[in-house]
Amino acid sequence: MLGARWLATFVNYVGESTLLLADTLRWLARPGAWRAGRILRQIERIGWNSLPIVSFIALTIGMAVAYQTAYQMQKFGFGTYIYTASFSALMVFREIGPVLTGLIIAGRVGAAITAELGTMQITQQIDALRSLATDPVKYLVVPRFLALVVGLPLLTIYADVIGLAGSYIVGTTQLEIGSQLYVHMSQTLLAAKDLWTGLVKSLVFAVIIGVVSCHEGFRTRGGAEGVGRSTTWCVVIASTLIIAADAFFTAIFYFTGQ
């Protein structure tokens, strides 16, 4: 019985999330739902205000990746450490940049969206919107969803650059690789597909964060405790789905030669 109840809950959650996504896409197809002011405010909140934490984490992770890669390269003999630049750049563009940025935004922005919408739900502000013939999805979800879809890929590109800068600092100062050689080796394994595969992942992560955070906000019940519970579930579910989606798309890109 417990397993059947969990299965029913899972199916119901997936169904509600799918309907919310379909409703959001339906409104996005209507130009009248695009309100530049609200969208720009959300982009500022999601993108610009996230730059400090993204910068710090991307820089430190880029440095850590360079150290770990150099440690592994040295096992293959003298001089192989110069490939630290190549492998670090590849790891940052294909995996670390999009995944880390997605997890940061899920924890910072996704939780904030759920808390905001959850508070509106328990204070009946969303019901008030419906009473005024205003669709909550159009008014609340669409600007946040669109801001995530635009902002997260841009943040990913920024995180890629900062991550590369971190690995460059380690490579040129600690590993004593020449600046020009490091830049040249960074470009050795990189191709345009490495950038767009990371951007495809970031776009999927943005959809996941947008749908999960808004859905959890709308289904909040039980006062302040319910807001906290929904916020926690938002971060847990979104982070889990991001990791699962990353594994899925990495496998697809591998088997399709991308």
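Residues numbered from 1 in each chain as written. Predicted model: local features only at pLDDT ≥ 70, side-chain atom pairs only at ≥ 80, totals over all residues. Heavy atoms only, no water.

1. Notes on the layout of surface pockets
Each pocket or cavity is described by its volume, and for the largest pocket that value is around 690 Å³. In this structure, the largest pocket is lined by 24 residues; those nearest its centre are Tyr13, Val14, Ser17, Glu216 and Ile237. Each residue belonging to the lining of the largest pocket can be placed in one class, and the counts come to 13 nonpolar, 7 polar and 4 charged. Put simply, the second largest pocket is a space of about 160 Å³. Breaking the lining of the second largest pocket down by element, the ones donating at least two residues are helix H6 (136–173) and helix H7 (179–186). (1 Å grid on protein atoms, 1.4 Å probe; cavity = no way out; pocket = protein on both sides within 12 Å on 5 of 7 lines; lining within 4 Å. Points joined across faces, edges and corners; volume = space filled by probe spheres on them. Nonpolar A, V, L, I, M, F, W, Y, C, P; charged D, E, K, R; others polar. Helix = DSSP H or I, 4+ residues; strand = E, 2+ residues; numbered from the N terminus.)

2. With respect to the pattern of salt bridges
When the charged atoms of two side chains lie near each other, side chains of opposite charge can form a pair. For the structure on display, the rule yields 9 salt bridges. Between Glu95 and Lys201 there is a salt bridge, with its nearest N and O atoms 2.6 Å apart. Residue Glu95 is located in helix H4 (residues 84–122), and its partner Lys201 is located in helix H8 (residues 192–218); the two are separated by 106 residues in the primary sequence. Relative accessible area serves as the criterion here: at 26%, Glu95 is assigned to the partly exposed category. Linked by salt bridges that have partners in common, Arg45, Glu116 and Arg144 make up one network. (Salt bridge = Lys/Arg side-chain N within 4 Å of Asp/Glu carboxyl O. Buried < 20%, exposed > 50% of the residue type's maximum accessible area, 1.4 Å probe, protein only.)

3. A few points about the packing of aromatic side chains
For the structure on display, the rule yields 4 aromatic pairs. Relative to Phe249, the ring of Phe248 lies with its centre 5.4 Å away and its plane at 85 degrees, an arrangement referred to as edge-to-face. Judged by relative accessible area, Phe248 falls into the exposed class, the value being 51%. Classification of Phe249 by relative accessible area gives buried; the value is 19%. Taken together, a centroid distance of 6.2 Å and an interplanar angle of 40 degrees make the contact between Phe249 and Phe253 tilted. Here Phe253 and Phe249 lie together in helix H9 (residues 223–255), a separation of 4 residues that amounts to about one turn. When sorted by exposure, Phe249 lands in the same class as Phe253, which is buried. Ring pairing ties together the aromatic residues Trp196, Phe248, Phe249 and Phe253, which thus form one cluster. (Phe/Tyr/Trp six-rings, centres within 6.5 Å; stacked < 30°, edge-to-face > 60°.)

4. Section: the environment of Tyr83
Structurally, the position occupied by Tyr83 is in the loop between helix H3 (51–74) and H4. Distance from Tyr83 to Thr123, taken between C-alpha atoms, is 57 Å for residues 40 residues apart in sequence. Leave out the neighbours within four places in its chain, and Tyr83 touches Met73 and Met185. (Contact = heavy atoms within 4.5 Å.)

5. So, empty space enclosed by the protein
Tallied over the full model, the rule gives 1 cavity of 30 Å³ or more. For the largest cavity, the calculated volume is near 80 Å³. Forming the boundary of the largest cavity are 13 residues, of which Ala58, Ile96, Gly97, Leu100 and Ala159 lie nearest the centre. Looking at the lining of the largest cavity, the element that brings in the most residues is H4, giving 6 residues. Among the residues forming the lining of the largest cavity, the class breakdown is 9 nonpolar, 4 polar and no charged.

6. Brief notes about a nonpolar patch on the surface
The grouping of Val150, Leu154, Ile157, Val161 and Leu195 at the surface amounts to a nonpolar patch, some 380 Å² of accessible area in total. Counting residues per element, the nonpolar patch draws most heavily on H6, at 4 residues. Relative to the assigned elements, Leu154 resides in helix H6. (Patch = residues over 30% accessible without salt bridge, like charges linked within 9 Å, V, L, I, M, F, W, Y side chains within 5 Å. Areas by Shrake-Rupley, 256 points an atom, 1.4 Å probe, with all protein chains shown as cover.)

7. Remarks on the packing of H3 against H4
One can describe the packing of H3 onto H4 by two numbers: an axis separation of 9 Å at closest approach and a directional angle of 145 degrees. Helix-helix and strand crossings are classified by hand; for H3 and H4 the assignment is right-handed. For the pair formed by H3 and H4, the contact residues are Ile53, Val54, Ile57, Ile61, Val65, Ala66, Thr69, Ala70 and Met73 on the first element and Thr84, Phe87, Ser88, Met91, Ile96, Leu100, Ile104 and Arg108 on the second. In the contact of H3 with H4, the residues fall into 13 nonpolar, 3 polar and 1 charged. (Axes fitted to C-alpha atoms, helices over the stretch in contact; angles between N-to-C directions. Left-handed = near helix turned anticlockwise from the far one by under 90°.)

8. Overview of unusual backbone geometry
The phi dihedral of Gln124 is positive, around 65 degrees, even though this residue is not glycine. Tracing the backbone through its elements, the reader meets Gln124 in the loop between H4 and helix H5 (125–131). Unlike most non-glycine residues, Ala133 shows phi in positive territory, near 60 degrees. Here Ala133 lies in the loop between H5 and H6. Its relative accessible area of 73% is what places Ala133 among the exposed residues.

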